[in-house]
Structures are given as C-alpha cells and as structure tokens.
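Below, each chain spelled out in residue letters.
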Amino acid sequence: MMDDRYVEGLKAIADSNRLRLFWLLVQIDERICVAEAMDVLGETHYNVSRNLKILQKAGLVTAQKEGKWVFYTLNREGTRFHVKLLAAVKSIPEHEFENEIKKCRLRLELRERGQCVVGPDSQEWAAIIQDQG
C-alpha cells in the first residue's frame, strides 16, 4: 500500500495558491508569517493560514510561534521524497513569480530585528506598494 505522505505532498503543491506560497518560501529561504504572506500574495488571512497548514500537514513546512506571530519555514528534515519535491519546485523559473519575489523583499524590509512588527493591510505597506506603482 502506498504511503499517504506521497499523496499529501503532491496534493499540497497541486493548488496554484499553495504552489505560489511554497515556491516563495523556497526562493526567499527565510521564514515568513501569515501577515507577510497575505500582503505578498494578496490573499485573505483564512486562505493563507489554511494553505500554510496544508503545507505543514504534508511535511513541507514547519511552524514556530513567537509572540503573536507564527512563522513558517521550509522543512529541511523531510524525507528524500520531500527533498525531491522541494527541488522540483525550486526549478520553476523565477520569472514566473517575479512580482511575488519583489513584494516579498519589500515586505520583509518592514521587519525590526528579524521580527514581523506590521500587520497585514497596513498603511505602511499600502504606501510602499503605491510608491512602487
């Protein structure tokens, strides 16, 4: 009988929003919280949180709570299968997600001492996006 981890891993990245989210984590190689992911991807709290939980259940990301924030990072301790999935997603060309990378770098600049201090849909974020035009 096939191990469910394979099916869960493939199902987790089969959704375009989860693939974008996972790809972003792979490319920036940094932890990210729900608020930051919301601003970068333009998704609701419910959708981002749900998608991150699905990626976590599939063993692709891990979660760590710090204060009021939950940070998600790539699971570097995954099985050989998970490592291969990560490599497959990493091979997607950057130009496919150019906008997300740009927004993510801008959003991460709002951190103080590596910590997220600005909630989603903030005035600071709106001003940055407006300036970028």
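This is a predicted model, so every value here is computed, not measured.

Take the nonpolar core next. Counting residues in hydrophobic clusters, the biggest one holds 30 residues, and the most contacted among them are I13, F22, I32, L52, L55, L60 and C104. When residues of this core are traced back to their parent elements, those giving at least two are α1 (4–14), α2 (16–28), α3 (34–41), α4 (45–57), β3 (69–74), α5 (80–90) and α6 (98–108). Ranked by size, the runner-up nonpolar core spans five residues in total, among them C33, A35, W69 and C116.

Turning our eyes to something else, we now look at the sheet that holds strand β1 (residues 32–33). Think of a sheet as strands paired side by side through backbone hydrogen bonds, with each pair either parallel or antiparallel. Here three strands make up an open sheet; going across it, the order is β1-β3-β2 and the pairing antiparallel. Because the sheet does not close on itself, it has two edges, and the strands there are β1 and β2 (61–66). As paired elements, β1 and β3 share two bridges and run antiparallel to each other. Counted as the bridge partner of I32 is Y72 from β3.

What follows deals with the packing of aromatic side chains. Considering all chains together, one arrives at two aromatic pairs under this definition. Centre to centre, the rings of Y6 and F81 are 4.7 Å apart; their planes meet at 75 degrees, and the pair counts as edge-to-face. Remark: F81 occurs in helix α5 and Y6 occurs in helix α1; sequence separation between them is 75 residues. With a relative accessible area of 22%, F81 lands in the partly exposed category. Ring centres 4.3 Å apart and planes at 25 degrees place the aromatic pair W23 and F97 in the stacked group. Residue W23 is located in helix α2, and its partner F97 is located in the loop between α5 and α6; the two are separated by 74 residues in the primary sequence. Neither residue differs from the other here; W23 and F97 are each classed as buried.

Cut-offs applied
- Residues numbered from 1 in each chain as written.
- Predicted model: local features only at pLDDT ≥ 70, side-chain atom pairs only at ≥ 80, totals over all residues.
- Heavy atoms only, no water.
- Core = buried A, V, L, I, M, F, W, Y, C linked by side-chain atoms within 4.5 Å.
- Buried < 20%, exposed > 50% of the residue type's maximum accessible area, 1.4 Å probe, protein only.
- Helix = DSSP H or I, 4+ residues; strand = E, 2+ residues; numbered from the N terminus.
- Pairing = 2+ DSSP bridges.
- Phe/Tyr/Trp six-rings, centres within 6.5 Å; stacked < 30°, edge-to-face > 60°.

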